[in-house]
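Read off the chains here:
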Amino acid sequence: MKLLIIEDNPQLLDAIAETLSKEKFVCETAATYSAAHEKIHLYQYDILVVDINLPDGSGLQIIREIKKVHPATGIIVVSARNSLDNKIEGLELGADDYITKPFDMAELVARVKSLIRRRNFGGNNFIELGKLRIDPEQRKVYANEKTIELTRSEYDILLFFSSNVGRVITRESLAEHIWGDNMDLADSFDFIYSHIKNLRKKITQNGLPDPIKAVYGVGYKFEIAEA
Amino acid sequence: MKLINRTFRLTTIWLLPVLIIGSIFVFFMIKYIVYEETDEYMTYEMERIVKYHGMNNDLPEFHQLDYIQEGVYHEKPFFKDTMMLEPADNEMVPHRELHFSIEHKGENFGLVIRHLLPGNDDIFQGSIIIILGLMLFIFMVLLLTINMVSKSIWKPFYQTLNILTGFKINTPIPTLPQTPIDEFETLNNTVSNLLKKVNDDYSRTREFNENASHELQTHLAMIRANTEKLINQSSEEGENSRVIANIHQASVQLSQVQKSLLLLSKIGNQEFNKHEIIDLSHHLKQTIDLFNEAFELRQIKLSHHIEECKLTMDPGLAEILTNNLIKNAIKHNIYNGFVRVELNSKHLLIENSGLPYEGEPNNLLERFAKGEKGNMGIGLAIVKQICELFNYSISYQISNKTTHSIQIIW
């Protein structure tokens, strides 16, 4: 899986590339419009992560170009501008997803993986987490082939964990993932705590070991038990 | 009231004293002329009689004498007003008499010429008719001239007004018409300068917002990426990871505050100008659905009575409005509490149980108001700003110290 990350801030570019490389993606980077322009014409990428605001051009123009040369490339738009117009324009041009700065890396990883799943129609679309199996198309979860009934938030949390296995997910990242701009609802985090508690219960009730490890004062970590 | 109508009204009011003074003047004028003419006529008749008598020692065959008194002598002729009964009308009418005397065959005779005068009521009636006719004429002339003059004089003013009414912020400043009238020229120049300043300020604010958002958000993303990295690198239960988690938490909160502030200023700048007819009940139901799990987790009893409510507003803002209101009702609620939602074409009412609050409830609508649990956040301030944008009236009330209710009247 080959990714091109286009972002003008070099430190953020490094951070994104480093995180995505750890997920076994091949990451290339471009810090300017012209560099990105050159790369999309020379090489082929599966996914493009594009910042709209570039010093020498607009990321929207890159989207227009890639749609001409490699229309199959998946596109995730990153924008600092929290403006609806850019979002709509980006999605109209054929971008697959839109993420506003600032975001957590866990969120970006989840978005990239979700996009790969959606692009990969022909292949195996199930996510296997040990004995847990997620069917993202049906939004269903199976434990030992038995369906687990999850609420919407519980499912979202599990899917988010599935993209970030082995990483510590802060409570804030979880809250932002579930509620987005409405995450301030979870200021006291009792909601997150309850959701995790219920999710754990539903998994262990089906005879599976508890995969969610609490990291005291920080958040949670999803680990797949070996066995 | 229209300028031209106002001009008419004021001008017409000033015609009223003219009408009264004019009537009095005309009344006395007519009276004076009638006396003058009657007296002149009677004097002439008297002179004819005296002259005829002097020559023929007799009275003329045709004379206007009313009656003759024997043995009456007047040193000088004099006029006298008298009232006489007019048998035809059976009414007392004023008459003018001229008394004079002649000597006939050594004896004095007093002669009286009498002439009918128009009554005061007749003169008054006449004056009023004259003045009214005149006024009507003047009024019609005024109507025409004011109409024509106003139209040409105020034309540049109305043009400017028209252009200003159609002006939308952040569009090119329109060229105001040239006018030979100094006052309007000054007005147009002042207005042009103001529009330029408004546009400049607007783009400056917008630019500042965008710069601030771009720069802040990129660096916040940096902080978040690096703290996440550190959290994953440090030993899991160590003191450091909690310190780093605190930094991460603060940066996430800062991101939220920054987004909210940006949203507030965008609403204030009227950057949401997609006005559509929406049914708010649709948005409200979606919001309730979105927070459904939160209600359940806190065991909050939700009761709602939602009717259709058509409003003209930006759909994005409608969503933010309902989200923030319901979110607020859950966030500041208590375990086992309640939320009551009522929506119809007149108002939206959201009541919820909460912690006791002693202060002024409407203060909670301000940004970063201090509540019992510390900062109340910015959600309600955004709601208030949206209400102000669309001229809805919003009020916050607390009854029994623990029942909070927010009402928005469309």
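The rules we used
Residues numbered from 1 in each chain as written. Chains lettered and ligands numbered in written order. Predicted model: local features only at pLDDT ≥ 70, side-chain atom pairs only at ≥ 80, totals over all residues. Heavy atoms only, no water. Pairing = 2+ DSSP bridges. Helix = DSSP H or I, 4+ residues; strand = E, 2+ residues; numbered from the N terminus. Axes fitted to C-alpha atoms, helices over the stretch in contact; angles between N-to-C directions. Contact = heavy atoms within 4.5 Å. Salt bridge = Lys/Arg side-chain N within 4 Å of Asp/Glu carboxyl O. Buried < 20%, exposed > 50% of the residue type's maximum accessible area, 1.4 Å probe, protein only. Patch = residues over 30% accessible without salt bridge, like charges linked within 9 Å, V, L, I, M, F, W, Y side chains within 5 Å. Areas by Shrake-Rupley, 256 points an atom, 1.4 Å probe, with all protein chains shown as cover. Lys, Arg positive; Asp, Glu negative; His and termini not counted. Charge placed at Lys NZ, Arg CZ, Asp CG, Glu CD. Polar contact = N/O pair within 3.5 Å; in protein donor to acceptor, adjacent residues only side chain to side chain. Parallel < 35°, antiparallel > 145°, perpendicular 65-115°, else oblique. Left-handed = near helix turned anticlockwise from the far one by under 90°. Nonpolar A, V, L, I, M, F, W, Y, C, P; charged D, E, K, R; others polar.

A closer look at the sheet that holds strand β8 (residues 127–129) of chain A
All names here are of chain A.
Moving on, step 1. Reading across from one edge, β8-β9-β10-β11 is the order of the four strands in this open sheet, with antiparallel pairing throughout. Since the sheet does not close on itself, it has two edges, and those belong to β8 and β11 (146–148), each with one partner. The average undirected angle you get between the axes of adjacent strands in this sheet is 30 degrees.
Moving on, step 2. When β8 meets strand β9 (residues 132–135), the two strands line up antiparallel, connected through three bridges. Counterpart to Leu129 in the pairing with β9 is Leu132.
Moving on, step 3. Across the sheet, helix α6 (residues 152–163) lies against β8, β9 and β10 (140–143), angled at about 110 degrees from β9, the strand it touches most.

Re the pattern of salt bridges
Residues and elements named next belong to chain A.
Moving on, step 1. Throughout the structure, instances matching the rule amount to 28 salt bridges over all chains.
Moving on, step 2. With a shortest N-O distance of 2.8 Å, Glu154 and Lys202 are connected by a salt bridge. Here Lys202 lies in helix α8 (residues 190–205) and Glu154 lies in helix α6, a separation of 48 residues in the sequence.
Moving on, step 3. Using a relative accessible area of 21% as the deciding quantity, one classes Lys202 as partly exposed.
Moving on, step 4. In this structure, a network of salt bridges that share partners links the residues Asp97, Glu107, Arg111 and Arg118.

A short note on a nonpolar patch on the surface
Moving on, step 1. A grouping of Leu16, Ile20, Ile21, Ile24 and Phe28 of chain B is seen on the molecular surface, where their side chains present a nonpolar patch of about 530 Å² in accessible area.
Moving on, step 2. Turning to its location among the elements, Ile21 of chain B is positioned in helix α1 (residues 3–56).

Section: a negative patch on the surface
Moving on, step 1. Where like charges cluster on the molecular surface, the negative patch consists of Asp89, Glu91, Asp121 and Asp122 of chain B.
Moving on, step 2. Under the relative-accessibility criterion, Glu91 of chain B is labelled partly exposed at 40%.

Examining the side chain of Glu7 of chain A
Moving on, step 1. Mapped onto the fold, Glu7 of chain A is located in the loop between β1 (2–6) and α1 (10–22).
Moving on, step 2. At a separation of 2.8 Å, a polar atom in the side chain of Glu7 of chain A contacts the main-chain amide nitrogen of Asn9 of chain A.
Moving on, step 3. If we skip the residues at most four places from it in the chain, Glu7 of chain A touches Leu12, Leu13, Ala30, Ala31, Asp51 and Lys101 of chain A together with Thr218 of chain B.

A closer look at the side chain of Thr73 of chain A
Residues and elements named next belong to chain A.
Moving on, step 1. One can find Thr73 in the loop between α3 (59–69) and β6 (74–79).
Moving on, step 2. Assessed through its relative accessible area of 2%, Thr73 is described here as buried.
Moving on, step 3. Polar side-chain contacts of Thr73 include one of 3.1 Å to the backbone oxygen of His70.

So, the packing of α6 of chain A against helix α7 (residues 171–179) of chain A
Residues and elements named next belong to chain A.
Moving on, step 1. Following both chains from N to C, one finds α6 and α7 inclined at 125 degrees, their axes separated by 10 Å at the closest point. The angle between α6 and α7 falls in the class oblique. Here α6 and α7 pass one another in a crossing that is right-handed. In contact with Ser153, Asp156, Ile157, Phe160 and Phe161 of α6, α7 contributes Ser173, Leu174, His177 and Ile178.
Moving on, step 2. A breakdown of the residues in the contact of α6 with α7 according to their chemical character gives five nonpolar, three polar and one charged.

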